[in-house]
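# Examination of the molecular architecture
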Amino acid sequence: MAAGKEIRGKIKSVENTKKITKAMEMVAASKMRKAQDRMRAARPYAEKVRQITGNLSKANPEYTHAFMKPNDAKTAGFVVVTTDKGLCGGMNTNVLRALTNQLKDLQSKGVSAEAVAIGNKGLGFLNRIGAKVVSSATGLGDTPHLDKLIGPVKVLLDAYTEGRVNAVYLCYTKFINTMKQEAVMEQLLPLSSGSLQDQASGRDWDYLYEPDAAAVIDELLLRYIEAQVYQAVAENMASEQSARMVAMKAATDNAGSVIGELKLVYNKTRQAAITKELSEIVAGAAAV
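Keep in mind that this is a model prediction, so the values were computed, not measured.

Within the chain, the regular secondary structure consists of six helices and five strands. Helices and strands appear in the chain in the N-to-C order α-β-α-β-α-β-α-β-β-α-α. Relative to a compact globule of 288 residues, whose C-alpha radius of gyration would be 19 Å, the chain shows 28 Å and is clearly more extended. In terms of overall dimensions, the chain has C-alpha extents of about 110 × 40 × 30 Å along its principal axes. Burial statistics for the chain: of 288 residues in total, 40% are counted as buried. In the chain, the proportion of contacts linking residues at least 24 apart, taken out of those at least 6 apart, comes to 80%. Entry remark: accessible area of the chain is about 15600 Å², with carbon and sulfur atoms responsible for 54%.

Moving on to the environment of Met24. Its place among the elements puts Met24 in helix α1 (residues 2-59). Assessed through its relative accessible area of 26%, Met24 is described here as partly exposed. The sequence separation of Met24 and Ile225 amounts to 201 residues, and the corresponding C-alpha distance is 34 Å. Ignoring anything within four residues of it in the chain, the contact list for Met24 reads Leu87 and Met248.

Turning to unusual backbone geometry, a few remarks are in order. Cis geometry is adopted by the peptide bond preceding Pro190, which originates at Leu189 and carries an omega value of -5 degrees. Assignment of secondary structure puts Pro190 in the loop between β5 (180-189) and α5 (193-199). Backbone geometry at Leu87 places phi at a positive 60 degrees, although glycine is not the residue there. Note that Leu87 resides in the loop between β1 (75-81) and α2 (91-108).

All right, on to helix α3 (residues 120-128) then. All of the buried residues along α3 are Gly122, Leu123, Phe125 and Leu126. Seen end-on, α3 carries its buried residues on one side only, within an arc spanning 165 degrees. Tucked into the core, α3 has its buried residues touching β1, α2, β2 (112-118) and β3 (132-137). Gly130 occupies a position one or two residues after α3 and carries a positive phi of about 80 degrees.

All right, on to the side chain of Ser239 then. With respect to the element layout, Ser239 can be found in helix α6 (residues 213-287). Given a relative accessible area of 0%, Ser239 falls into the buried group.

Judged by nonpolar contacts, the single largest core of 32 residues is most densely connected at Phe67, Val79, Ile118, Val168, Leu189 and Ile225. It is α6 that contributes the most residues to this core, nine residues altogether. Excluding anything up to four places from it in sequence, Ile118 contacts Val79, Val80, Val81, Thr82, Ala137, Leu140, Leu149, Val153, Val229 and Val233. If you look at the next biggest cluster of nonpolar residues, it comprises 17 residues, including Leu106, Val111, Ala167 and Tyr169.

Moving on, we get to the packing of aromatic side chains. Within the structure shown, the criterion is met by one aromatic pair. Between Phe78 and Tyr169, the aromatic rings sit 5.2 Å apart at their centres with planes inclined by 20 degrees, giving stacked as the arrangement. On the criterion of sequence distance, the pair formed by Phe78 in strand β1 and Tyr169 in strand β4 (residues 167-177) is long-range, its members being 91 residues apart. When its relative accessible area of 16% is taken as the criterion, Tyr169 is described as buried.

The next thing to look at is the pattern of salt bridges. With the rule as written, the count across this model stands at 11 salt bridges. Note that Asp158 is salt-bridged to Lys154, the shortest N-O span being 3.0 Å. Pair noted here: Asp158 and Lys154 are both in helix α4 (residues 146-161), with a separation of four residues, about one helical turn. For Glu226, the salt bridge goes to Arg223, with nearest N and O atoms at 3.1 Å. With Glu226 and Arg223 both in helix α6, this residue pair falls three residues apart, about one helical turn. Take Arg223: its relative accessible area is 31%, and that puts it in the partly exposed class. Linked by salt bridges that have partners in common, Glu219, Arg223 and Glu226 make up one network.

Right, let's talk about the sheet that holds β1 for a bit. Strand order in the open sheet made by the five strands is β3-β2-β1-β4-β5, with mixed pairing throughout. One side of each edge strand has no neighbouring strand; the edge strands of this open sheet are β3 and β5. Direction aside, the axes of adjacent strands within the sheet are offset by 20 degrees on average. Pairing of β4 with β5 involves nine bridges; the strand directions are antiparallel. Along β5, the bridge assignment pairs Asn177 with Lys180.

Rules used throughout
- Residues numbered from 1 in each chain as written.
- Predicted model: local features only at pLDDT ≥ 70, side-chain atom pairs only at ≥ 80, totals over all residues.
- Heavy atoms only, no water.
- Helix = DSSP H or I, 4+ residues; strand = E, 2+ residues; numbered from the N terminus.
- Rg over C-alpha atoms; globule rule 2.2 N^0.38 Å.
- Buried < 20%, exposed > 50% of the residue type's maximum accessible area, 1.4 Å probe, protein only.
- Contact = heavy atoms within 4.5 Å.
- Areas by Shrake-Rupley, 256 points an atom, 1.4 Å probe, with all protein chains shown as cover.
- Arc of directions from axis to C-beta.
- Core = buried A, V, L, I, M, F, W, Y, C linked by side-chain atoms within 4.5 Å.
- Phe/Tyr/Trp six-rings, centres within 6.5 Å; stacked < 30°, edge-to-face > 60°.
- Salt bridge = Lys/Arg side-chain N within 4 Å of Asp/Glu carboxyl O.
- Pairing = 2+ DSSP bridges.
- Axes fitted to C-alpha atoms, helices over the stretch in contact; angles between N-to-C directions.

Next up, the structure:
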């Protein structure tokens, strides 16, 4: 029964794996609800900041912020938002594939790239492909904190303001629903007046600025970028927990199927061994 003992060992191993994946599924389901609540709570602020920024771009068009001025630099910047941990299906793969395609397009045009990595998976990928990583933020935990994100992202914002970077792109996974997450790559800088006015309401706005229009718009556009980055990280975390819950449920179901198949093989092996022993006994009795 050496073969039977080996199969029993495999069954025990798969059962232990099934317990782990089931526990991870339940933990991810619990964290998913909190992450989704946090993401939905941040959306009204992000949408309001977009709307006010669009209104200001229409109300005071004579002042042009540095973030709205294009330049001719031969370098593009990327803020790559991924997870710190794996076991979340193809979520990170989809984002990194979109990033790779964009890098190839820029390379064909003679444009180099610099990146800010938010998350261990993105940092490891960028290091493997030899991309220039100017800053990173890892170990964010289950709750995004703006103070941990602003420092790394500010490196690219300063580079754009100084004219060393011609554009800044934000790559992350957008939460659609529990079963669907979508890889997104959107342009953060330069902020075109057209895209800002798309966010504006249909009315004409006129504001009183204190202390002056330049100071208010400078501060508001910085808050606009911060809101975009924070919302991207919140969406990514909600997507991570949803994808992990679905992946672990699939793994648990697959483990159950494997256990069923192994038990069937074990029973067949055991039955064959018993039949063989009975045949040997009958043959021995007949010889006597």
